[in-house]
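Reading the structure
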Amino acid sequence: MKALRQIHAQLLKSTSSQQGFAFTKIVGFCALSPSGDIDYARRVFAQISVPNTFSYNSMIRGTSQMPNPSKEPISLYHRMLQIGLASPNSFTLAFVLKACAIVMAAREGTQIHSHVFKYRLDSSPFVQTALLNFYSKCEEISVARKVFDEITEKNIIMWSAMINGYARIGLVNEALELFREMQQTEIIPDEVTMVSVISACAKAGALDLGRWVHRFIEKNKIKVDLELSTALVDMYSKCGSIERARGVFNEMVDRDTKAWSSMIVGLANHGLAEDALELFNRMEEAQVKPNQVTFIGVLSACAHRGLVSEGRKFWSRLNEFGIEPSMEHYGCMTDLLCRASLVEEAYDLVQTMPLSPNAIIWRTLLGGFMKKRIVDKGESVAERLLEVEPSNAENYVLISNFYASILQWEKVSHMRKKMKENGVKILPGCSSIEVDGFVHEFVRGNESHPETKEIREVLMDISVRVQQTGHVPCTSVVLHDVGEEEKAVALCEHSERLAIAYGLLKTKAPVVIRVVKNLRVCRDCHEVTKIISKLYNREIVVRDRIRFHRFHDGICSCKDYW
């Protein structure tokens, strides 16, 4: 930049006819070079009387690469069209569509899609790929697929973008089906494609598919770079195979902050708090600087095991690494204190937050007050929760549970009435299980599965055998205004039990039954799954919204601290 400023000064003194052309090159360097200066680029750009397409492209691309994304690139494009002295080309549209994807500007991106046809740039591979990425990242997956299907000559970047689009929203079967289609073409997948496929397996908790993809990578000698290795660590962790995740991590020659953080978070989610904290120490010894995600990992590890003093120590070290506590960090600390029954301390922490607490933090606090039967502050927190998130059914359920725990049944009825008046519907629990390379999903009351009859027979067998052990259903978690018998039946049909029943139906020991659930496992299902693991002599791994539970011989890895 020092040399460039000197050149710029010489140009300002000269009367060269090439001055305008040189200014565009200065803008390009300042906006796009790693050693450039975007503010300097803005000032030079403002001095160009008639900016050309190259100048606009440089500024649109440069401003979209800033650490704090904004709509500035879109405004620049709008200005370019308004002035009308420079026409957009394929690079312009590709860059501005990427900017729309970064800030999730769905309306503006859709308008720019129409410009693709206006300027007859619909056959440009750059533009086609940008459209795919834009619609995928905005989760308009059906439109992305339409764009993809209309491309006659698809390159590897396009296939990867479409697979990644499915993976982003958890459509693992669609992502893998597209990957199989890709294999039938002459295009050879690369490490970028494989990261997308691995990510799809991770989201669905599809371990067998993930293993198959890993073998595919090895068989086809696909380069396993840092990003792909980290994706494999993340996949094995999220699929419940923490030992395989460790194996991949230990084989990595180079590990960056993301790789260390992925392993620490994986260990934390599996309840292996001591291992997570030891890995943090190794990370420091390796002189790799931790980031926000690293501290989310160690703080959640402390929360899952009740390590209060260690959690406080890590909380105090955030400042040491120049990390401003984020909402997630406050959430971890609130969770840690509430689990340890230090709910008053958690409440004081939330009261002093420089950020406005989100719904997750209020829910955590309310759960803590419910556990301690603290009424006044609990009601205050309940009010704040509904102010922040009035349309989430989970909040009404939690508040109803709070009032039920202190035997205020009129207020429980009031909450149910309020839900109906506001048209709030409870998010159904959804659980999935992978069998023979396909992910099966189950929702309570949905009988669309082709083997529903056989699954119900297994459920009946489970119910009878569990009852014989003397288990008394925890019906308090069912908030419907029905009798105890109906509540017990409702518990038997929770989505994770349907998935476990299907696992018992389709697999034999020693195959591990692995279930992924979108909500937290309820207390009754947790107890029943422990019993099932002993009665049927099966290992069952359940990944709920909070963490992993590994059930074996009537015991859970969480040691009932969850």
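What you see is a predicted model, and the numbers here were worked out from it, not measured in a lab.

The buried count for strand β3 (residues 513-517) comes to 5 of 5 residues, which makes it a mostly enclosed element. Burial along β3 is two-sided: Ile513, Val515 and Lys517 and Arg514 and Val516, pointing in opposite directions, are all buried. Bridge analysis of strand β1 (residues 430-435) against β3 gives 3 bridges, and the strand direction is antiparallel. Looking at the pairing, serine 431 lines up with lysine 517 of β3. For the handedness criterion, the β-α-β arrangement of β3, helix α29 (residues 523-535) and strand β4 (residues 540-543) is classed as right-handed.

This part covers the confidence of the model for the protein chain. Summarising the model, the protein chain shows a mean pLDDT of 91, and 97% of its residues fall at 70 or more. The low-confidence segment residues 479-484 (pLDDT under 50) makes 9 contacts with residues lying over four places distant or belonging to another chain.

So, about helix α18 (residues 292-305). Spanning 14 residues, α18 covers 20 Å between terminal C-alpha atoms, matching the ideal 20 Å at 1.5 Å per step. Burial within α18 is extensive, with 10 of its 14 residues counted as buried. Along α18, the residues classified as buried are Thr294, Phe295, Gly297, Val298, Leu299, Ser300, Ala301, Cys302, Ala303 and His304. If you follow the buried residues of α18, they end up packed against α16 (257-269), α17 (273-285), α19 (308-317) and α20 (327-339). Residue asparagine 291 occupies the N-cap position of α18, its side-chain oxygen lying 3.1 Å from the main-chain nitrogen of valine 293. Residue glycine 306 follows α18 closely and has a positive phi angle near 75 degrees.

This part is about the packing of aromatic side chains. Counting across every chain of the model gives 16 aromatic pairs. A ring pair is formed by phenylalanine 249 and tryptophan 260, whose centres lie 5.2 Å apart and whose planes are at 80 degrees; its orientation type is edge-to-face. Within this pair, whereas phenylalanine 249 is found in helix α15 (residues 242-251), its partner tryptophan 260 is found in helix α16, the two being separated by 11 residues in sequence. Judged by its relative accessible area of 1%, phenylalanine 249 falls in the buried class. Look at tryptophan 260 and you get buried, because its relative accessible area is 3%. Geometrically, the ring pair formed by phenylalanine 442 and tyrosine 502 is tilted, given 5.5 Å between the ring centres and 50 degrees between the ring planes. Pair noted here: phenylalanine 442 is in strand β2 (residues 438-443) and tyrosine 502 is in helix α28 (residues 495-506), with a separation of 60 residues, a long-range link. Accessibility assignment for this pair places phenylalanine 442 and tyrosine 502 in one class, buried. One aromatic cluster in this structure is built from Phe280, Phe295, Phe314 and Phe321. Between the NZ or CZ atom of lysine 154 and the centre of the ring of phenylalanine 148, over which it lies, the distance is 4.9 Å.

Another aspect to go through is a nonpolar patch on the surface. Where nonpolar side chains cluster on the molecular surface, the patch consists of Val50, Ile83 and Leu85 and spans about 290 Å² of accessible area. Its place among the elements puts isoleucine 83 in helix α5 (residues 72-83). Judged by relative accessible area, which is 44%, isoleucine 83 ranks as partly exposed.

Moving on, we get to the pattern of salt bridges. On inspection of all chains with the given rule, the structure shows 32 salt bridges. Of the charged contacts, one joins arginine 107 and glutamate 108 as a salt bridge, the two residues approaching to 3.9 Å between their closest N and O atoms. Using a relative accessible area of 12% as the deciding quantity, one classes glutamate 108 as buried. Aspartate 234 is the salt-bridge partner of lysine 238, the closest N and O atoms lying 3.3 Å from each other. Of the two residues, lysine 238 and aspartate 234 both sit in helix α14 (residues 226-238), 4 residues apart, roughly one turn of that helix. Connected via shared salt-bridge partners are Arg363, Glu389, Glu394 and Arg545.

An α-helical turn contains 3.6 residues, so any two residues separated by three or four positions project in the same direction. All buried positions along α19 are accounted for by Val308, Gly311, Phe314 and Arg317. Packed against the buried residues of α19 are α17, α18 and α20.

Taken across its 6 residues, β1 has 6 buried, putting it largely inside the fold. Sheet topology places β1 next to β2; 6 bridges connect them, and they run antiparallel. Among the inter-strand pairings, serine 432 is bridged to a residue of β2, identified as glutamate 441.

A few words on the sheet that holds strand β5 (residues 548-552). The mixed open sheet is built from 6 strands, whose spatial order is β2-β1-β3-β4-β5-β6. Looking at which strands have only one partner, the edges of the open sheet turn out to be β2 and β6 (555-556). Pairing between β5 and β6: 2 bridges, direction antiparallel. Looking at β6, one finds that histidine 552 is bridged to isoleucine 555.

This brings us to empty space enclosed by the protein. The tally for this structure, following the rule as stated, stands at 1 cavity of 30 Å³ or more. Each pocket or cavity is described by its volume, and for the largest cavity that value is around 40 Å³. What lines the largest cavity is simply Gly205, Lys238, Cys239, Gly240, Arg514, Val515, Val516, Val541, Val542, Arg543 and Phe548. Within the residue set of the lining of the largest cavity, elements represented by two or more residues are β3 and β4. Of the residues contributing to the lining of the largest cavity, the split by class is 6 nonpolar, 2 polar and 3 charged.

What counts and what doesn't
- Residues numbered from 1 in each chain as written.
- Predicted model: local features only at pLDDT ≥ 70, side-chain atom pairs only at ≥ 80, totals over all residues.
- Heavy atoms only, no water.
- Buried < 20%, exposed > 50% of the residue type's maximum accessible area, 1.4 Å probe, protein only.
- Helix = DSSP H or I, 4+ residues; strand = E, 2+ residues; numbered from the N terminus.
- Pairing = 2+ DSSP bridges.
- Right-handed = clockwise from strand over helix to strand, strands pointing away.
- pLDDT = per-residue confidence, 0-100.
- Contact = heavy atoms within 4.5 Å.
- Expected span 1.5 Å × (residues − 1).
- Polar contact = N/O pair within 3.5 Å; in protein donor to acceptor, adjacent residues only side chain to side chain.
- Phe/Tyr/Trp six-rings, centres within 6.5 Å; stacked < 30°, edge-to-face > 60°.
- Lys NZ or Arg CZ within 6 Å of the ring centre and 35° of its normal.
- Patch = residues over 30% accessible without salt bridge, like charges linked within 9 Å, V, L, I, M, F, W, Y side chains within 5 Å.
- Areas by Shrake-Rupley, 256 points an atom, 1.4 Å probe, with all protein chains shown as cover.
- Salt bridge = Lys/Arg side-chain N within 4 Å of Asp/Glu carboxyl O.
- 1 Å grid on protein atoms, 1.4 Å probe; cavity = no way out; pocket = protein on both sides within 12 Å on 5 of 7 lines; lining within 4 Å.
- Points joined across faces, edges and corners; volume = space filled by probe spheres on them.
- Nonpolar A, V, L, I, M, F, W, Y, C, P; charged D, E, K, R; others polar.

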